[in-house]
Amino acid sequence: MDKIITSLQERKKSPTRLTKNSKLFKTIIAAIQEKKGSHIVSLDLKKIDEAVADFFILCDAGSNIQVKAIARNIEEIIERDCEERPYHIEHGDQWTLVDYVNIVVHIFQHEQRIFYNLESLWEDAPRSEH
């Protein structure tokens, strides 16, 4: 967790603000859905001054294999369709983070998502289910 927090704090948010209608946002959601990620939620952090990104996208995976498959699929599809590469990827068996600066994707095994409960840390952010 400390390693993830440090990597997020060290980079700078892009001055270009994204919306849910951006190609990057929509493509990330589609890539997660393609690999059967569940409980997909986006948190709109744009109005929170301390936020490190415009959006967090969170999803559940049923196993460490699915966590890796979802992360790999996001990376491949975004590079192909949006011509963007992640700023940083923090791989883990139970939680993987894929950082596109303005959008940070968190792929959790269910127990880890409950344990870290990121949604409650950012409860002031508008939440959307996908």
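**Student:** Describe unusual backbone geometry, listing the residues and the values that go with them.
**Tutor:** Here the phi dihedral of Lys36 falls at roughly 65 degrees; this positive angle occurs in a residue that is not glycine. Checked against the element boundaries, Lys36 lands in the loop between helix H2 (23–34) and strand E1 (38–44). Even without a glycine there, the phi angle at Glu83 is positive, about 55 degrees. Here Glu83 lies in the loop between helix H3 (64–82) and strand E3 (88–90).

**Student:** Summarise a negative patch on the surface; cite the residues concerned and give the values.
**Tutor:** Residues Asp49, Glu50, Glu123 and Asp124 make up a contiguous surface patch of negative charge. As for its position among the elements, Asp49 is in the loop between E1 and strand E2 (55–61).

**Student:** How would you summarise the pairing of E1 if you had to cite specific residues and measurements?
**Tutor:** Burial within E1 is extensive, with five of its seven residues counted as buried. Pairing of E1 with E2, which is carried by five bridges, proceeds in the antiparallel orientation. Looking at the pairing, Leu43 lines up with Phe56 of E2. By the bridge criterion, three bridges tie E1 to strand E6 (residues 127–129) in an arrangement that is antiparallel. Residue pairing in the sheet places Leu43 in a bridge with Arg127 of E6.

**Student:** Lay out the nonpolar core in plain terms, naming residues and giving numbers.
**Tutor:** Side chains of nonpolar character tend, in soluble globular proteins, to be buried together. Membership of the largest hydrophobic core comes to 24 residues, with the highest contact counts inside it found for Ile28, Ile32, Ile57, Ile74, Ile103, Val105 and Ile107. Those elements that provide at least two residues to this core are H2, E2, H3 and strand E5 (103–109). The leading source of residues in this core is H3, at seven residues. Counting 16 residues, the second-largest nonpolar core is a separate cluster that includes Leu43, Val52, Leu97 and Trp122.

**Student:** Just give me the short version of the pattern of salt bridges, but keep the residues and values in it.
**Tutor:** Per the stated rule, a full pass over the model turns up eight salt bridges. Between Arg85 and Glu79 there is a salt bridge whose closest N-O contact spans 3.4 Å. Accessibility expressed as a relative area gives 57% for Arg85, which makes it exposed. Close ionic contact of Arg127 with Glu129 constitutes a salt bridge, the shortest N to O distance being 3.5 Å. According to the relative accessible area criterion, Arg127 is partly exposed, its value standing at 46%. Shared partners join several salt bridges into a network, and the residues in it are Asp60, Arg113, Glu119, Arg127 and Glu129.

**Student:** Pulling in residues and values, what's your account of H3?
**Tutor:** Along its 19 residues, H3 runs 26 Å from first to last C-alpha, staying within 8% of the 27 Å computed at 1.5 Å per residue. Of all the positions in H3, only Gln66, Val67, Ile70, Ala71, Asn73, Ile74, Ile77, Ile78 and Cys82 are classed as buried. Viewed end-on, H3 has its buried residues packed into an arc of 160 degrees, placing them on one side of the element. Exposed residues on H3 whose side chains face more than 90 degrees from its buried face are Ile65 and Arg80. Glu83 occupies a position one or two residues after H3 and carries a positive phi of about 55 degrees.

Reading guide: rules and limits
- Residues numbered from 1 in each chain as written.
- Predicted model: local features only at pLDDT ≥ 70, side-chain atom pairs only at ≥ 80, totals over all residues.
- Heavy atoms only, no water.
- Helix = DSSP H or I, 4+ residues; strand = E, 2+ residues; numbered from the N terminus.
- Patch = residues over 30% accessible without salt bridge, like charges linked within 9 Å, V, L, I, M, F, W, Y side chains within 5 Å.
- Areas by Shrake-Rupley, 256 points an atom, 1.4 Å probe, with all protein chains shown as cover.
- Salt bridge = Lys/Arg side-chain N within 4 Å of Asp/Glu carboxyl O.
- Lys, Arg positive; Asp, Glu negative; His and termini not counted.
- Charge placed at Lys NZ, Arg CZ, Asp CG, Glu CD.
- Buried < 20%, exposed > 50% of the residue type's maximum accessible area, 1.4 Å probe, protein only.
- Pairing = 2+ DSSP bridges.
- Core = buried A, V, L, I, M, F, W, Y, C linked by side-chain atoms within 4.5 Å.
- Expected span 1.5 Å × (residues − 1).
- Arc of directions from axis to C-beta.

These figures come from the coordinates and say nothing about function on their own.
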